[in-house]
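Observations on the model geometry
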Protein chains: 2
Amino acid sequence: MPEPQQAGPVSGIRTVAAVGTGVIGAGWVAYFLSRGLRVRAWDPAPDAADTLRRIVDAAWPALTELGLAEGADPHAVELFPTVAEAVAGAGFVQESAPEDLALKRSLLAELAAATGPDVVVASSTSGFPMTDMAQEIDDAAGAARLVVGHPFNPPYLIPLVEVVGGERTAAWVVSRAAEFYRHIGKSVIEMDRELPGFIANRLQEAIWREALHMVAEGEATPEEIDRSITDGPGLRWPVHGPCLTFHLAGGEGGMAHMLDHFGPSLKAPWTRLDAPELTTALRDDMVAGAEVSAGGRPMAELVAERDRAVIAVRRAVEAARAAGRS
Amino acid sequence: MPEPQQAGPVSGIRTVAAVGTGVIGAGWVAYFLSRGLRVRAWDPAPDAADTLRRIVDAAWPALTELGLAEGADPHAVELFPTVAEAVAGAGFVQESAPEDLALKRSLLAELAAATGPDVVVASSTSGFPMTDMAQEIDDAAGAARLVVGHPFNPPYLIPLVEVVGGERTAAWVVSRAAEFYRHIGKSVIEMDRELPGFIANRLQEAIWREALHMVAEGEATPEEIDRSITDGPGLRWPVHGPCLTFHLAGGEGGMAHMLDHFGPSLKAPWTRLDAPELTTALRDDMVAGAEVSAGGRPMAELVAERDRAVIAVRRAVEAARAAGRS
């Protein structure tokens, strides 16, 4: 299904619809507004207007600190009584209804029907594959415009958005959603297949489940688990992800040395999750991938970057904590 | 086995021995020096002196930035030709030899024999239980003074130290090691049992293994995995660990709401690691533990702290990256 000509460049999208304005939806609204967009919103809760106003107002100082786009206006949002009115004239729709499959199905069907052939409808779902959510939609062209655009809480501060289509999503819709999010300053991962938990939540869930096992067995308390991260590897993760971290752990030999030398420790019972077989193909993929993450920078430069960042992150967190106590 | 009277307060420890001065050992040396301690070191590598000097010099600007103790001197370290000479007069010994069980066993036996009855000998091992490392030592009093003091790389920047004894370690040795590390500014977790991977590495390893599985199956690239953390949940982890993060995810109801509401998603295939059964006991432990991590602070204050910290962390990482490019 080719991209409709009338869609135009994503920079032409000046009005966005936010369908569902709870914590995640209103966080999206705050972010859209900070990028200078106008927002048309819908939410069935009786106190929706108050909640939306409160969340946007609470987010605005942070967004101001991060830098507003020209013309950004925290009041450029209007709630409408119906979904159809909310999406009228919107160039992009972000659906953030509660995680209830039946509800998402009916709402997405309504959104597919109520929007034009050039409008992408993205769902904030953190768990449902679009294939499941769109399966009851008869209109193929409508289903083709539905895509997952999964943010992280709070959406106005965490840059990551995971974009993935369902079986019936058109390729141009996945690309256009990714392009739109990048245009408004998000860090986008475009996935080529539906995977339960997408990427970041699978990794986060692995930590969480190991943590639950440890508490269940009396091996550690939640406070110890939290501190083992905040005062330990968590200080490195905002600058270097898990792969680049282990690239550095390999010293000058990097990921290749790490895997060749410490590969056998993958058999050790260091977590309840068994590791995959460290095949030559996997080893080579990890080595090549670490090089991509490293961006061709030599080890000394990566180490210096990590050290600078860890110091700055420690200072930043200390200041943020102290501000709360004062 | 009671603490010997001559041990005295940990503040009386002015000289420390560093046995093994590779990346971890020399990182410890840099940290000890920054705290105003004198260090006696030993390492069998022919270029040990150059490596040690290089690592201490490279770490010193960072340590200066974080704040030096009075009298801190980057040159207050001396390498000795034998282990016995290095530990002579030292009030605490940190062993950081390569991760080789046979080597650790013989070195720790030597250290137990060469040190006085009031000296704690801590091992930087990231994997071996002290029970295994000490099992061949005949001298019970010597074995009683051996404990794991597991740091994170780089030891001069990451505060976490996991302290855990083996079956033969005396209780006062575990307490004294923890007390000494706290005295020099470390964040200490005192574990009451030996657990493969301790705490932080079990959690880190869970992420790492899920990441390896994803690459092996072609579900994500290492670069995507890294970015999903650095631009996603990794931005929250220096301020709130995994338990407190999920406490916030529960909104005003906190961890209790999160578990009661999203408990069923623990059955979802969101990672390859199965979750434990969410028993009432586990649920209550997590709720109580989240309250400890929260330190009695109301949700709005935690959210504000997270937001301030995430902004500051983003700025800190951007600045650290930009400094490397300039």
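Small disclaimer: the values here were computed from a predicted structure and weren't measured.

The rules behind these values
Residues numbered from 1 in each chain as written. Chains lettered and ligands numbered in written order. Predicted model: local features only at pLDDT ≥ 70, side-chain atom pairs only at ≥ 80, totals over all residues. Heavy atoms only, no water. Helix = DSSP H or I, 4+ residues; strand = E, 2+ residues; numbered from the N terminus. Rg over C-alpha atoms; globule rule 2.2 N^0.38 Å. Buried < 20%, exposed > 50% of the residue type's maximum accessible area, 1.4 Å probe, protein only. Contact = heavy atoms within 4.5 Å. Lys, Arg positive; Asp, Glu negative; His and termini not counted. Charge placed at Lys NZ, Arg CZ, Asp CG, Glu CD. Domains from an automatic or database assignment. Pairing = 2+ DSSP bridges. Axes fitted to C-alpha atoms, helices over the stretch in contact; angles between N-to-C directions. Phe/Tyr/Trp six-rings, centres within 6.5 Å; stacked < 30°, edge-to-face > 60°. Lys NZ or Arg CZ within 6 Å of the ring centre and 35° of its normal. UniProt positions renumbered as here; feature names shortened; annotations may be inferred. Least-squares fit on C-alpha atoms with pLDDT ≥ 70 in both. Buried area = accessible area lost by both parts, 1.4 Å probe. Salt bridge = Lys/Arg side-chain N within 4 Å of Asp/Glu carboxyl O. Polar contact = N/O pair within 3.5 Å; in protein donor to acceptor, adjacent residues only side chain to side chain. Nonpolar A, V, L, I, M, F, W, Y, C, P; charged D, E, K, R; others polar. Core = buried A, V, L, I, M, F, W, Y, C linked by side-chain atoms within 4.5 Å. Expected span 1.5 Å × (residues − 1). Parallel < 35°, antiparallel > 145°, perpendicular 65-115°, else oblique. Right-handed = clockwise from strand over helix to strand, strands pointing away.

1. Quick word on the overall build of chain A
- For chain A, the helix and strand inventory stands at 13 helices and 8 strands.
- Relative to a compact globule of 326 residues, whose C-alpha radius of gyration would be 20 Å, chain A shows 22 Å and is just as compact.
- Overall, the C-alpha framework of chain A stretches about 60 × 50 × 45 Å when taken along its three principal axes.
- For chain A, with 326 residues in total, the buried portion stands at 58%.
- Relative to all contacts within chain A whose residues are 6 or more apart in sequence, the contacts with residues 24 or more apart total 72%.
- Each charge class in chain A can be summarised by its mean position, and for the 28 positive and 44 negative side chains these summaries are 5 Å apart.

2. Considerations on the domain arrangement of chain A
- Split by domain assignment, chain A resolves into domain 1 (5-190) and domain 2 (232-325).
- One C-alpha centre belongs to domain 1 of chain A, the other to domain 2 of chain A, and the line joining them spans 33 Å.

3. Observations concerning the sheet that holds strand E1 (residues 15-19) of chain B
All names here are of chain B.
- Taken in spatial order, the 8 strands line up as E3-E2-E1-E4-E5-E6-E7-E8 in an open sheet, and their pairing is mixed. Every other strand in the sheet has two partners, leaving strand E3 (77-79) and strand E8 (187-190) as the edge strands with one partner each. Adjacent strand axes in the sheet meet at a mean angle of 25°, parallel and antiparallel pairs treated alike.
- Here 4 bridges tie E1 to strand E4 (residues 92-95), and the two strands are oriented parallel to one another.

4. Structural notes on the packing of aromatic side chains
- Under the defined criterion, the tally for this structure stands at 15 aromatic pairs over all chains.
- Note on phenylalanine 180 of chain B and tyrosine 181 of chain B: the rings are 6.0 Å apart at their centroids and 50° apart in plane angle, and the pair reads as tilted. The exposure classification of phenylalanine 180 of chain B matches that of tyrosine 181 of chain B, with both residues buried.
- Among the aromatic residues, those joined into a cluster by ring pairs are Trp28, Phe32, Phe92, Phe180 and Tyr181 of chain A.
- For the cation-ring pair, lysine 186 of chain A lies above tryptophan 28 of chain A, with the distance from its terminal atom to the ring centre recorded as 5.5 Å.

5. Some words on the UniProt feature "domain: 3-hydroxyacyl-CoA dehydrogenase NAD binding" (unreviewed entry) in chain A
- Under the feature "domain: 3-hydroxyacyl-CoA dehydrogenase NAD binding" (unreviewed entry), the UniProt entry names residues 15-191 of chain A.
- For residues 15-191 of chain A, helix accounts for 40% and strand for 21%, while the C-alpha atoms at its two ends are 26 Å apart.

6. A few points about the relation of the copies chain A and chain B
- When chain A is fitted to chain B, the residual RMSD is 0.0 Å, and the transformation amounts to a turn of 180° plus an axial shift of 0.0 Å. Overall, the copies show the geometry of a two-fold rotation axis.
- A symmetric contact is evident, with 100% of the interface residues of chain A recurring at the interface of chain B.

7. Section: the interface of chain A and chain B
- Taken together, the contacts link 109 residues of chain A with 109 residues of chain B.
- Taking both sides of the interface into account, the surface hidden between chain A and chain B amounts to around 10400 Å²; carbon and sulfur atoms contribute 66%.
- The largest contributions to the chain A side of the interface with chain B come from Trp208, Arg209 and Trp270 of chain A, which together make up 8% of the buried area.
- There are 4 salt bridges connecting chain A and chain B.
- In this structure, arginine 315 of chain A engages glutamate 65 of chain B in a salt bridge whose closest nitrogen and oxygen atoms are separated by 3.2 Å.
- The interface formed by chain A and chain B contains 46 residue pairs in polar contact (both at pLDDT 80 or more).
- Broken down by element, the residue count for the side of chain A that touches chain B peaks at 18 residues, all from helix H13 (residues 299-325) of chain A.
- For the side of chain A that touches chain B, the per-class residue count stands at 61 nonpolar, 21 polar and 27 charged.

8. Quick look at the UniProt feature "transmembrane region" (unreviewed entry) in chain A
- Residues annotated in UniProt with the feature "transmembrane region" (unreviewed entry) correspond here to residues 12-33 of chain A.
- Secondary structure content for residues 12-33 of chain A is 50% helix and 23% strand, and the end C-alpha separation is 15 Å.

9. Comments concerning the nonpolar core
- Of all hydrophobic cores here, the largest spans 212 residues; its most connected members are Phe180, Tyr181 and Trp208 of chain A together with Phe180, Tyr181, Trp208 and Met255 of chain B.
- Aside from chain neighbours lying at most four places away, what touches tyrosine 181 of chain A is Trp28, Phe92, Gln94, Ala122, Gly149, Val161, Val163, Lys186 and Val188 of chain A.

10. Considering the pattern of salt bridges
- Counted under the stated rule, the structure contains 34 salt bridges over all chains.
- In this structure, glutamate 305 of chain B and arginine 297 of chain B form a salt bridge, with 2.7 Å as the shortest nitrogen-oxygen distance.
- A relative accessible area of 27% means that arginine 297 of chain B is categorised as partly exposed.
- Put simply, Arg202 of chain A together with Glu210, Glu219 and Arg272 of chain B are held in one network by salt bridges that share partners.

11. Examining the sheet that holds strand E8 (residues 187-190) of chain A
All names here are of chain A.
- With mixed pairing, the 8 strands of this open sheet are ordered in space as E3-E2-E1-E4-E5-E6-E7-E8. For this open sheet the edge positions go to strand E3 (77-79) and E8, each flanked by a neighbour on one side alone. Taken over all neighbouring pairs, the strand axes of this sheet differ in orientation by 25° on average, direction set aside.

12. Quick word on helix H7 (residues 171-183) of chain B
Residue and element names in this part refer to chain B.
- Taking 1.5 Å as the rise per residue, H7 with 13 residues should run 18 Å; its terminal C-alpha atoms sit 18 Å apart, in good agreement.
- For H7, the full list of buried residues reads Trp172, Val173, Val174, Arg176, Ala177, Ala178, Phe180 and Tyr181.
- Downstream of H7 by a residue or two, glycine 185 has a phi angle that is positive, lying close to 95°.

13. Looking at the packing of helix H9 (residues 222-230) of chain A against helix H12 (residues 280-294) of chain B
- At their nearest, the axes of H9 of chain A and H12 of chain B sit 8 Å apart, and the two run at 50° to each other. With respect to H12 of chain B, the axis of H9 of chain A lies oblique. Contacts from Pro222, Glu223 and Asp226 of chain A of H9 of chain A reach H12 of chain B at Asp285, Met286, Gly289, Ala290, Val292 and Ser293 of chain B.
- The class makeup of the residues in the contact of H9 of chain A with H12 of chain B is 4 nonpolar, 2 polar and 3 charged.

14. Topic: the environment of proline 81 of chain B
- Topologically, proline 81 of chain B is positioned in the loop between E3 and helix H3 (83-87).
- Placed 214 residues apart in sequence, proline 81 of chain B and glycine 295 of chain B show a C-alpha to C-alpha distance of 49 Å.

15. Points about the pairing of strand E6 (residues 146-151) of chain A
All names here are of chain A.
- A large share of E6 lies buried, amounting to 6 of its 6 residues.
- Going residue by residue along E6, you find Leu146, Val148 and His150 tucked away on one face and Val147, Gly149 and Pro151 tucked away on the opposite face as well.
- In this sheet, E6 lies alongside strand E5 (residues 120-123) in parallel orientation, the contact comprising 3 bridges. In the strand pairing of E6, serine 123 is matched with valine 148.
- Summarising the sheet, E6 and strand E7 (residues 160-165) pair through 5 bridges and their orientation is antiparallel. Note on E7: the bridge partner recorded for valine 147 is glycine 165.

16. A few points about the side chain of serine 123 of chain A
- By the element assignment, serine 123 of chain A lies in strand E5.
- If sequence neighbours within four positions are ignored, serine 123 of chain A has contacts with Gln94, Glu95, Lys104, Leu108, Met130, Met133, Val147, Val148, Gly149 and His150 of chain A.

17. Here's the deal with the pairing of strand E2 (residues 38-42) of chain A
Residues and elements named next belong to chain A.
- The sheet contact formed by strand E1 (residues 15-19) and E2 spans 5 bridges and is parallel. Each bridged residue has a counterpart across the sheet, and for alanine 17 the counterpart in E2 is arginine 40.
- Read from E1 through helix H1 (residues 23-34) to E2, the crossover connection turns out right-handed.
- Inspection of the sheet shows E2 paired to E3 by 3 bridges, in the parallel sense.

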